[in-house]
Amino acid sequence: MSRIGRLPLSVPKGVEVTINGQDVTVKGPKGELKHTITEPITASFEDGVVTVARPDDKPENRSLHGLTRALIANLVEGVSKGYAKTLEIHGVGYRVQARGSNLEFSLGFSHPVVIEPPEGITFRVEKPTILHVEGIDKQLVGQVAANIRSLRKPDPYKAKGVRYKGEHIRRKAGKAGK
């Protein structure tokens, strides 16, 4: 069996899990998330524990087994704790400002770049060079952070740009580096 799929998922207090056929709804102190399970996989909720099962050992079902359990675990963690990604901005004159709920970036372009948060995402600017993307949906938080990073990806020659906190940029030698 799948090592991850067979692990029981204990639900913390304050979080409600409702399974209606293939639809899983998770409600918690931070909000509500929904997910539809792929057809051959089934989930059940008894005594504060969610278990995920598969009908047979076909390779497709084995991979879906672990995936489904991980997605449900992400829903539970999202509504109870939430997710956050931290981004750093490196470069002379590169900065970010909060304009209401939007972000305004100065990244060396001829114009400022404005980013509006999608529903369920909040931005928090710690310093002009550090910002946090927060929300309850792990996939959405990661996608918004990746979109912000893609505005000005880190340059391998000067290491300027937007990067994740703790991301290592492999530096390249310039023309003079023989």
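Residues numbered from 1 in each chain as written. Predicted model: local features only at pLDDT ≥ 70, side-chain atom pairs only at ≥ 80, totals over all residues. Heavy atoms only, no water.

## Considerations on the packing of aromatic side chains
For step 1, the next point in the chain: Under the definition given, this model contains 0 aromatic pairs.
For step 2, the next point in the chain: Just above the ring of tyrosine 164 sits the side chain of lysine 85; from NZ or CZ to the centre is 5.2 Å.
For step 3, the next point in the chain: The ring of phenylalanine 109 carries the charged tip of arginine 152 above its face, separated from the ring centre by 4.4 Å. (Phe/Tyr/Trp six-rings, centres within 6.5 Å; stacked < 30°, edge-to-face > 60°. Lys NZ or Arg CZ within 6 Å of the ring centre and 35° of its normal.)

## Some details on the UniProt feature "domain: Large ribosomal subunit protein uL6 alpha-beta" (unreviewed entry) in the protein chain
For step 1, the next point in the chain: Under the UniProt annotation, "domain: Large ribosomal subunit protein uL6 alpha-beta" (unreviewed entry) lies at residues 11-82 and 91-164.
For step 2, the next point in the chain: Strand forms 38% of residues 11-82 and helix 31%; the C-alpha atoms that close the span are 15 Å apart.
For step 3, the next point in the chain: As annotated, residues 91-164 has a helix share of 16% and a strand share of 41%, and its two end C-alpha atoms lie 14 Å apart. (UniProt positions renumbered as here; feature names shortened; annotations may be inferred. Helix = DSSP H or I, 4+ residues; strand = E, 2+ residues; numbered from the N terminus.)

## Comments concerning the pattern of salt bridges
For step 1, the next point in the chain: Tallied over the full model, the rule gives 4 salt bridges.
For step 2, the next point in the chain: Here glutamate 167 makes a salt bridge to arginine 149, at a shortest N to O gap of 2.7 Å. With glutamate 167 in the segment after strand 13 (161-164) and arginine 149 in helix 2 (residues 138-149), the pair connects residues that are 18 residues apart, well separated along the chain.
For step 3, the next point in the chain: What makes glutamate 167 partly exposed here is its relative accessible area of 22%. (Salt bridge = Lys/Arg side-chain N within 4 Å of Asp/Glu carboxyl O. Buried < 20%, exposed > 50% of the residue type's maximum accessible area, 1.4 Å probe, protein only.)

## As for the layout of surface pockets
For step 1, the next point in the chain: Considering only enclosed or pocket space, the largest pocket measures out at about 160 Å³ in volume.
For step 2, the next point in the chain: Leu33, Lys34, His35, Leu71, Asn74, Leu75, Asp137, Lys138 and Gln139 together form the lining of the largest pocket.
For step 3, the next point in the chain: Of all elements in the fold, only strand 4 (31-36), helix 1 (59-80) and helix 2 reach the threshold of two or more residues within the lining of the largest pocket.
For step 4, the next point in the chain: Looking at the lining of the largest pocket residue by residue, the class counts come to 3 nonpolar, 3 polar and 3 charged. (1 Å grid on protein atoms, 1.4 Å probe; cavity = no way out; pocket = protein on both sides within 12 Å on 5 of 7 lines; lining within 4 Å. Points joined across faces, edges and corners; volume = space filled by probe spheres on them. Nonpolar A, V, L, I, M, F, W, Y, C, P; charged D, E, K, R; others polar.)

## Things to note about the sheet that holds strand 3 (residues 23-28)
For step 1, the next point in the chain: Strands sit in the order 2-3-4 across an open sheet of 3 strands; the sheet is antiparallel. Both outer strands of the open sheet, strand 2 (16-20) and strand 4, are each paired with one neighbouring strand and no more. If you compare each strand with its neighbour and ignore which way they point, the axes differ by 15° on average.
For step 2, the next point in the chain: For strand 3 and strand 4, the ladder comprises 6 bridges, and the chain directions are antiparallel. Its bridge partner lying in strand 4, valine 26 is registered against leucine 33. (Pairing = 2+ DSSP bridges. Axes fitted to C-alpha atoms, helices over the stretch in contact; angles between N-to-C directions.)

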